[in-house]
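Structural features, examined
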Amino acid sequence: MDYTLLKGIDSPADLRRLPRTELKKLADEVRAYVLESVSRTGGHLGSNLGTVELTVALHYVFNTPEDRLVWDVGHQTYPHKVLTGRRDRMSGLRQLGGISGFPRRDESEYDTFGTGHSSTSISAAHGMAMAFKLKGLPNKAVAIIGDGSMTAGMAFEALNNAGVAHGGLLGDLLVILNDNDMSISPPVGALNKYLARLMSGSFYTAAREGAKSVLKNTPLYEFARKFEEHTKGMVVPGTIFEEFGFNYVGPIDGHDLDSLVPTLENLRDKKGPQFLHIVTKKGAGYKLAEADPVKYHAASGKFDPAVGFVKPATPPKLTFTQVFGDWLCDMAEADPRLVGITPAMREGSGMVEFHKRFPQRYHDVGIAEQHSVTFAAGLACEGIKPVVAIYSTFLQRAYDQLVHDVAIQNLPVLFALDRAGLVGADGATHAGNYDIAYTRCIPNMAVLTPADENECRQALYTGFQHDGPVTVRYPRGAGAGITPVKQMTAQPWGKGEIRRRGQRVAILAFGTLLYPALEAAERLDATVANMRFVKPLDAELVAELARSHDAIVTVEDGCLMGGAGSAVTEALNAAGITIPVLQLGLPDEFVEHGDPVKLMSLCGLDAAGIEASIVKRFGAKPQVVRASAAG
C-alpha cells in the first residue's frame, strides 16, 4: 500500500482537515500500516486492528491534545501513535530506545495518561474532567475502556463517583466502552444505529428534559422515569450505566465511521457524564486475526502477514510458564483439593490445559486481582488448596488483600508469580521488580526463588505443601534448560545449598541469577550458594559463609531496596557479624523496555557485570592476589 493519505498526517490537526468522505480510506491505510509495523517488530495486534476506526473518529471529532483521550488498556494505542506524529518511529516499537507499546506521558503530549494496567481510565479521565471544571476550561475528557477492563471493580468505583455532582460541578466526561467480545451486546444493526443517533441527539435530550420539568412534582414523574429506563433497557443494556448518572448511548458499530463520527459529535457537545457503547471486532480487517483473536492477540516476533503466525522450525525451549502449567495439572491430579485461579490471564499464565482437564476447579475471575486473592482466602478457609496464578506486577493491585485477607489469617494460599524481574518489551508497567520486597516484609509469608525449570517445579510442590501463604516467583520465558524431574520432591524448608566452593568471596544467588553467578565465580574462584528461599532465609548458611570468607555478594533480579540482599544484611546484623557486603540487583529506577538480555547486561546482572562489580568493589581477582603474594 502506498499510504497516500497517511503520509500527509503528521498530527491530528492534519486529520481534522480531511473531508469526512476520506476517513474510511485513511482508516484502511492506518490498519495496513499497523499490520505491517507489527509484522516487523512484534507487539499487540488484534486489539489494535480493532480500534482503527474509533481512533480516527476520536481524533477527527475531538480537539486533541487539548481534549484528553485516556486509553484502557494501553496496548490498543498503536493507531493512536501512528496518527500522533510517531508513524516513522513504529519501526522501533517496544525496542530499547524506541517508543513504548503503551501510552507514556513523557513520549507524547497526546499520551495523556499511562495505562499499562487496566481499569484506570475512567478514574483518570474523571479527574481530568473535574480539573477542567475547576479551572474554568472547556476541554473534554474521554476514557476508552475495553469490556475486559470493565470487569474490574475500580471501573465501577469511578462510574459511581463520576455520575454525581460535587459541589454543584459535573465533569464533561465521555466513557466509551469498546466491547470487542459481544458478550453483553445485542445484535448490532440499523435499529441500534438509529437509536444511538437518536438518543445522542438534541431532540431526544430536549424532549426528555422538557418532560422532566413538566412532570417533576407529579406522581407521574417516577413512573415516566422508570418507563424510560426500562424501555431503553429492553433494547440496549444501558440501564445500569444510567443508574450511575450517565446518559447511555449505543451499542453502535465501532467500525462504521458514518455512525461513529456524528454520534461522537453529538456527545462532545453535551454537558455532564456520557456513556457510549461501541462494538468492535478484534483483528478487524485481517482475516487470520478475526478467525483466531486469542492466537493473534500479540506477535512475539516478526511474521509474514500473508502467511500469519507459524510454528518455529526448531521447538522453542520450555518456559517457566509451561513448567507451572504442567505442575498444576499434575498436582491437581494428585490432590483433589487444588483449585486454580487467574485474573484474566489463562493463556499468559499457562492454564489452558488445566482449564480443559479440570473445568470445575478452574476460575477465571476477570481483571479483578483483589477479588482473586480474597476469593482464594475464602476457599482456603474451607479446606480447599487454592493456587493463584498471577503476574508479579498484577499482584501489586491486591496488596491489601494479600496482607489482610491471607497473611493475617495465615491461610495456605500459593501464589505462582509469573513475569518476576524484567519482562523486556512490555517495559516498566509489567516488570516484576518489587515482589521480593513487598512480600518478604509481610509476617507469615514465605518467598521462594527457584533457580531453574526443575527447581521451579519442586518449589511449587514445596510451597503447595506448606500450611501458610507462599509466593513462588519465576521469570518470563525459558531458563537454564534444566529438564524438570517428573517426581515431585519437597525441598528442605528454608534451606539453601552450596553449588561451588571457592575462596575469599561468597556469592549468594537468589533465583535464576544463580547461573550467571556461577559463570562469574569460575573466573573469580568464588563460592556460590543457591539460596532458594528469601523467606525463611537460611541464616545458618549465611553465617557460615560470612565466617569463612572475606566478603559477601548478593545477587537478585529484583529491586535492591528491601530485597533479598537486604534480608541477608539483616541476618548478618542479627548474628552480630561484620563483613563487607555487595548487593547486586535492579536499580532504583524504572527500567525501560527492550531486549531482556540486553537490559540485564545494562543493569550489570549478567555474568560479566557481576564479575566486574565484584572486582571493582573488592579489588583485583583473587587469583592475581594469591600469585602476587606467592612471588
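Residues numbered from 1 in each chain as written. Predicted model: local features only at pLDDT ≥ 70, side-chain atom pairs only at ≥ 80, totals over all residues. Heavy atoms only, no water.

The next thing to look at is the pairing of strand β3 (residues 141-146). By the criterion of burial, β3 is predominantly enclosed, with six of the six residues buried. Burial along β3 is two-sided: Ala-141, Ala-143 and Ile-145 facing one way and Val-142, Ile-144 and Gly-146 facing the other are all buried. Inspection of the sheet shows strand β2 (residues 68-72) paired to β3 by five bridges, in the parallel sense. In the sheet register, Asp-72 faces β3, and the bridge partner there is Ile-145. Where β3 meets strand β4 (residues 173-179), six bridges bridge the pair, whose relative direction is parallel. Its bridge partner being in β4, Val-142 is matched across the sheet by Leu-174. (Buried < 20%, exposed > 50% of the residue type's maximum accessible area, 1.4 Å probe, protein only. Helix = DSSP H or I, 4+ residues; strand = E, 2+ residues; numbered from the N terminus. Pairing = 2+ DSSP bridges.)

The next thing to look at is the packing of aromatic side chains. Throughout the structure, instances matching the rule amount to 18 aromatic pairs. Arranged with centres 5.3 Å apart and planes meeting at 10°, the rings of Tyr-391 and Phe-394 form a pair that is stacked. When sorted by exposure, Tyr-391 lands in the same class as Phe-394, which is buried. Members of the aromatic cluster, joined through ring pairs, are Phe-320, Phe-324, Trp-327, Phe-464 and Tyr-474. Here Lys-385 stacks its cationic end above the ring of Phe-464, 4.9 Å away from the centre of that ring. (Phe/Tyr/Trp six-rings, centres within 6.5 Å; stacked < 30°, edge-to-face > 60°. Lys NZ or Arg CZ within 6 Å of the ring centre and 35° of its normal.)

Here the structure, examined in full by the defined rule, presents six cavities of 30 Å³ or more. Computed from the structure, the largest cavity encloses a volume of approximately 60 Å³. Considering the residues around the largest cavity, the lining is formed by Phe-62, Lys-140, Ala-141, Val-142, Asp-172, Leu-173, Leu-174, Leu-267, Arg-268, Lys-270, Gly-272 and Gln-274. If you list the elements that add at least two residues to the lining of the largest cavity, you get β3, β4 and α12 (257-268). Partitioned by chemical class, the residues of the lining of the largest cavity number six nonpolar, two polar and four charged. (1 Å grid on protein atoms, 1.4 Å probe; cavity = no way out; pocket = protein on both sides within 12 Å on 5 of 7 lines; lining within 4 Å. Points joined across faces, edges and corners; volume = space filled by probe spheres on them. Nonpolar A, V, L, I, M, F, W, Y, C, P; charged D, E, K, R; others polar.)

All right, on to the side chain of Asp-330 then. By secondary structure assignment, the location of Asp-330 is in helix α14 (residues 320-334). With residues up to four places along the chain from it excluded, the contact list for Asp-330 reads Arg-457, Lys-486 and Met-488. (Contact = heavy atoms within 4.5 Å.)

If you look at the biggest cluster of nonpolar residues, it comprises 51 residues, and the most contacted ones within it are Leu-15, Leu-26, Leu-45, Leu-58, Ile-176, Leu-264 and Leu-276. By residue number, the principal contributor to this core is helix α2 (residues 23-41), which donates eight residues. Apart from residues lying up to four places away in sequence, Leu-26 is in contact with Leu-5, Leu-6, Ile-9, Leu-15, Leu-18, Val-56 and Leu-83. One finds Val-339, Val-542, Leu-545 and Ile-577 within the second-largest nonpolar core, a separate group that totals 48 residues. (Core = buried A, V, L, I, M, F, W, Y, C linked by side-chain atoms within 4.5 Å.)

Turning our eyes to something else, we now look at the pairing of strand β11 (residues 414-418). Of all five residues in β11, five are buried; the element is thus mostly enclosed. A two-sided burial pattern is seen for β11, the buried positions comprising Leu-414, Ala-416 and Asp-418 on one face and Phe-415 and Leu-417 on the other. Here β11 runs beside strand β13 (residues 470-473); their pairing, made up of four bridges, is parallel. Across the sheet, the residue bridging to Ala-416 is Val-472, located in β13.

Okay, the sheet that holds strand β16 (residues 527-530) next. Spatial ordering of the open sheet is given by β14-β16-β15-β18-β19, a layout of five strands whose pairing is mixed. Looking at strand neighbours, the two that pair on one side only are β14 (497-500) and β19 (581-586), the edges of this open sheet. Recorded for the sheet is a direction-independent mean angle of 25° between the axes of neighbouring strands. Pairing of β14 with β16, which is carried by three bridges, proceeds in the antiparallel orientation. If you follow Ile-498 over to β16, its bridge partner there is Ala-529. The strands that helix α22 (residues 539-547) touches are β14, β15 (505-509), β16 and β18 (551-559); relative to β14, the one it contacts most, it runs at about 45°. (Axes fitted to C-alpha atoms, helices over the stretch in contact; angles between N-to-C directions.)

Time to look at the packing of α2 against helix α5 (residues 78-86). Packing of α2 against α5 brings their axes to within 10 Å, and their N-to-C directions diverge by 110°. One finds that α2 runs roughly perpendicular with respect to α5. Here α2 and α5 pass one another in a crossing that is right-handed. Taking contact as the criterion, the partners of Leu-26, Val-30, Tyr-33, Val-34 and Val-38 in α2 are, on α5, Tyr-78, Pro-79, Val-82 and Leu-83. (Parallel < 35°, antiparallel > 145°, perpendicular 65-115°, else oblique. Left-handed = near helix turned anticlockwise from the far one by under 90°.)

Before going further, it helps to examine α22. Taken together, the buried positions of α22 are occupied by Leu-541, Val-542, Ala-543, Leu-545 and Ala-546. Contact partners of the buried residues in α22: β14, β15, β16, β18 and α23 (564-575).

Moving on: unusual backbone geometry. Following Gly-250, the chain continues to Pro-251 via a peptide bond in cis, the omega torsion being 0°. Along the chain, the position of Pro-251 falls in strand β5 (residues 247-253). Phi angles above zero are rare outside glycine, and Arg-94 is one such case at about 65°. By the element assignment, Arg-94 lies in the loop between α5 and α6 (121-134). What makes Arg-94 buried here is its relative accessible area of 14%. Of note in the backbone geometry, Arg-419 takes a positive phi value of approximately 60° without being a glycine. Looking at the element boundaries, Arg-419 is found in the loop between β11 and α19 (435-440). Residue classification places Arg-419 among the buried residues on the basis of a relative accessible area of 13%.

Mapped onto the elements of the fold, Lys-133 is located in helix α6. With a relative accessible area of 29%, Lys-133 lands in the partly exposed category.

All right, on to the sheet that holds β4 then. Taken in spatial order, the five strands line up as β2-β3-β4-β6-β5 in an open sheet, and their pairing is parallel. Across the chains shown, the open sheet's two edge strands, defined by having one partner strand only, are β2 and β5. Direction aside, the axes of adjacent strands within the sheet are offset by 15° on average.

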